[in-house]
Amino acid sequence: MATAAQWIEGARPRTLPNAIAPVLAGTGAAAAIDGAVWWKALLALGVSMALIIGVNYANDYSDGIRGTDDERVGPLRLVGSGLATPASVRAAAVASLTVGAVLGLVLAVLSAWWLVLIGAVCLAGAWFYTGGSKPYGYRGFGEIAVFVFFGLVAVLGTQFVQAGRVDWAGLALAIGVGSFSSAVLVANNLRDIPTDTESGKTTLAVKLGDTRTRTLHIVLLAAPFVVSLVLVLRTPWVLAGLLAAPLALRANAPVRAGKGGLELIPALRDSGLAMLAWSALTALTLGLAP
């Protein structure tokens, strides 16, 4: 029986920056057009965090019953390690996704009903990433999904529910956050190339191979800083986001050095921290700019 600490570890708290950063960015974008609403931002944060925890438990369940995690190198997986039954992990995933759905429904009622359709697509994307008979995460589409859901949808959705519209600055922020989120997944899948190849999980990293995946990681980490330069058209203060560059360089260091296995875990952590720092700095300076 898994302990409470193991259930928390199974929720993969290191991925929470992927949930927090888009809400920060979207709120900064909303503030820049005089539309920030703090309690709607908190609701959006609740949706984002519930969805990512639900995704993590759903992946744990689906990968676990397929045997993909039997020889896992990275963080604890509840089903793969035998610490929790598949049914209990599936129930945790459903519970988390349900919380996200309820909070999202509240936001839709207060904003626009068509957001319910987007929410339904997000829930389907969360489950079928590794679930179902043909999971798209096993076919190399994981990074695209992360870019869309935790970049474009999360940032622009957060801006829209607060300000009632989106603008080009919000889109730029969404591209930056989506690139960071994809970089986190790329680092994860780079680490798992040997075990994923053996288990038949054809991620983008498996398709690209080790060398090109390492190149992709640094390209994705560089993209948000290009976005910072573009956002200077709105206000030069957004260059504060460049202060996150040392974190991004540190995140890429083990990737550049050719590390593998457990030695790549810092790349996941630091990619997430760089995303959080860049989003916070950019959102704050954009939102407070005259």
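Remember, predicted model here, so these are calculated numbers, not experimental data.

K.L.:
Sorry if this is basic, but what is going on with the packing of helix α8 (residues 168-191) against helix α13 (residues 265-288) here?
P.N.:
Packed helices, taken two at a time, are described by their axes: the angle between them and the distance between them. Across the interface, α8 lies against α13 with an axial gap of 8 Å and an inter-helix angle of 170°. With respect to α13, the axis of α8 lies roughly antiparallel. Between α8 and α13, the contacting residues are Ala169, Leu173, Gly176, Val177, Phe180, Ser181, Ala183, Val184, Ala187, Asn188 and Arg191 on the first element and Ile265, Ala267, Leu268, Ser271, Gly272, Ala274, Met275, Trp278, Ser279, Thr282 and Leu286 on the second. When its residues are assigned to classes, the contact of α8 with α13 shows 14 nonpolar, seven polar and one charged.

K.L.:
Hey, could you run me through the nonpolar core in this one?
P.N.:
Core analysis: the biggest nonpolar cluster contains 27 residues, and Leu173, Val177, Phe180, Leu231 and Trp278 have the highest contact counts within it. Of all the secondary-structure elements, those providing two or more residues to this core are α2 (17-32), α7 (142-163), α8, α11 (210-230), α12 (245-256) and α13. Apart from residues no more than four positions distant in its own chain, Val177 is found in contact with Ala21, Pro22, Ala25, Phe150, Val155, Met275, Trp278 and Ser279. The next biggest cluster of nonpolar side chains, apart from the first, holds 14 residues, and it includes Ala44, Leu107, Ala112 and Val161.

K.L.:
What am I meant to see in unusual backbone geometry here?
P.N.:
Glycine aside, residues mostly have negative phi angles, and peptide bonds mostly take the trans form. A positive phi angle, near 60°, is found at Arg12, a position not held by glycine. Checked against the element boundaries, Arg12 lands in the loop between α1 (4-10) and α2.

K.L.:
What should I look at first to understand empty space enclosed by the protein in this one?
P.N.:
Vacant regions in the atomic arrangement are exposed by a probe of water-molecule size rolled over the atoms. In total, this model carries one cavity of 30 Å³ or more according to the counting rule given. Quantified by volume, the largest cavity comes out at close to 120 Å³. Contributing to the lining of the largest cavity are Glu9, Arg12, Pro13, Arg14, Thr15, Pro75, Val184, Arg191, Ile265 and Leu268. For the lining of the largest cavity, the secondary structure elements donating two or more residues are α8 and α13. Looking at side-chain class alone, the lining of the largest cavity contains five nonpolar, one polar and four charged residues.

Cut-offs applied
- Residues numbered from 1 in each chain as written.
- Predicted model: local features only at pLDDT ≥ 70, side-chain atom pairs only at ≥ 80, totals over all residues.
- Heavy atoms only, no water.
- Axes fitted to C-alpha atoms, helices over the stretch in contact; angles between N-to-C directions.
- Helix = DSSP H or I, 4+ residues; strand = E, 2+ residues; numbered from the N terminus.
- Parallel < 35°, antiparallel > 145°, perpendicular 65-115°, else oblique.
- Contact = heavy atoms within 4.5 Å.
- Nonpolar A, V, L, I, M, F, W, Y, C, P; charged D, E, K, R; others polar.
- Core = buried A, V, L, I, M, F, W, Y, C linked by side-chain atoms within 4.5 Å.
- Buried < 20%, exposed > 50% of the residue type's maximum accessible area, 1.4 Å probe, protein only.
- 1 Å grid on protein atoms, 1.4 Å probe; cavity = no way out; pocket = protein on both sides within 12 Å on 5 of 7 lines; lining within 4 Å.
- Points joined across faces, edges and corners; volume = space filled by probe spheres on them.

Don't take any of this as a statement about function, it's just geometry.
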